[in-house]
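Listed here are the chains, written in short residue letters.
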Amino acid sequence: MSIYCEYLNSVEDGFDQHFSQRGYKKEEPVTVSSQIDPSVDLVGSKISALKRYVLNENIPSEGLYLIQDCFRTRGMKELKTVSPSKFGSCFRTMGTLTNPDVEKVVFDTFDYLVNGIGIKPRDLLIKINADDRDLLVATSSVAGNIRRQENAIDTHYQHRYGLDDQGIYGRDFNIAVRKQKTDEFVTVGTVVLMERNKRKIGVDMGLGNLSLAMCNFGKDNTLTVSRMADVFPIDSVEKQRFADSLVGLALMQKEQVHKLSSHSDRASKNLRWKYNKYEEAVVYWKSQFGLSDEQVLEYMKRYIELEFKNNNYKSEATWLKK
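Residues numbered from 1 in each chain as written. Predicted model: local features only at pLDDT ≥ 70, side-chain atom pairs only at ≥ 80, totals over all residues. Heavy atoms only, no water.

### Observations regarding the overall build of the protein chain
Turning to step 1, where the next piece is worked out: Scanning the protein chain for helices and strands turns up eight helices and nine strands.
Turning to step 2, where the next piece is worked out: In terms of overall size, the protein chain behaves like a compact globule, its C-alpha atoms giving a radius of gyration of 20 Å where 322 residues would be expected to give roughly 20 Å.
Turning to step 3, where the next piece is worked out: Once the C-alpha set of the protein chain is aligned to its principal axes, its extents read approximately 60 × 45 × 35 Å.
Turning to step 4, where the next piece is worked out: Of all 322 residues assigned to the protein chain, the portion counted as buried reaches 54%.
Turning to step 5, where the next piece is worked out: A fraction of 67% describes how many contacts in the protein chain between residues 6 or more apart in sequence connect residues 24 or more apart.
Turning to step 6, where the next piece is worked out: Here the protein chain has roughly 14,500 Å² of accessible surface; of this, 47% comes from carbon and sulfur atoms.
Turning to step 7, where the next piece is worked out: Computed over 46 positive and 44 negative side-chain charges, the inter-centroid distance for the protein chain is 2 Å. (Helix = DSSP H or I, 4+ residues; strand = E, 2+ residues; numbered from the N terminus. Rg over C-alpha atoms; globule rule 2.2 N^0.38 Å. Buried < 20%, exposed > 50% of the residue type's maximum accessible area, 1.4 Å probe, protein only. Contact = heavy atoms within 4.5 Å. Areas by Shrake-Rupley, 256 points an atom, 1.4 Å probe, with all protein chains shown as cover. Lys, Arg positive; Asp, Glu negative; His and termini not counted. Charge placed at Lys NZ, Arg CZ, Asp CG, Glu CD.)

Structure representation (structure tokens):
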């Protein structure tokens, strides 16, 4: 099996097994273009699929866990550039949503990181705000060799969910992992204590599969450790941008975004516009690398097979239909 796919499978399958064995209830993921969250065009975090539990304050007592595909388009304007970046457009979030027992979530999460996937405690770091005394106390359950960095620059004091009108915010701390063979700690996850008008209503924990892989392999960009990196070597910024374009296009194409009408509702128009941007980037890099349509389509097909274990996807050269 391919090296990156094998590692990512072990991380994701291990998360599934770990939280299932601890009694959490598994929530099924949604497609990134599902429109389940009207505040975003594409699902960008796992909370989109779980917001109904938060809004109705009916989180199951045993807690929920979810492994959700996510799509962030922040770097879309950079797709045809050679500007260095750390993150690609697509990733998979592994996380939980529970009632407000932060200490249990902290213990279960670090148990997964240390005993589930073998990260040494000395290679873990908690970035936390010293003003959050309750979160500081909750993290004491994993004291050991895990270090703490208080008032870190990139530690958010207030976590926003797009639910301001409902009075819902969060206070969080970040989990970082040492990048292999370096002294650099990279943030791979967040634990958020959710509050509604200052009343504690839940705990939202999330870990990024590609961020964990980036630390494990000592790389500087998530595309270089993605399943696409098992399709072809991603050893330059140009190939990172090409890979990002391919991954985004393949995922949206698998979900039939290209078949949405660009003349219908606002959401469909926005999705088609985003699809076109990734398509344009694929065509640009295809030309730069002198690749045929057949080669590009094979890359997309092989990626979907590895990422989703889906042999039914038929990649389409939609750029030829314009």
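Let's pick the thread back up.
### Some details on helix 6 (residues 237–254)
Turning to step 1, where the next piece is worked out: For helix 6, which comprises 18 residues, the first-to-last C-alpha distance of 26 Å matches the rise-based estimate of 26 Å (1.5 Å per residue) to within 8%.
Turning to step 2, where the next piece is worked out: With 14 of its 18 residues buried, helix 6 lies for the most part within the structure. (Expected span 1.5 Å × (residues − 1).)

Any link to function would need more than the numbers given here.
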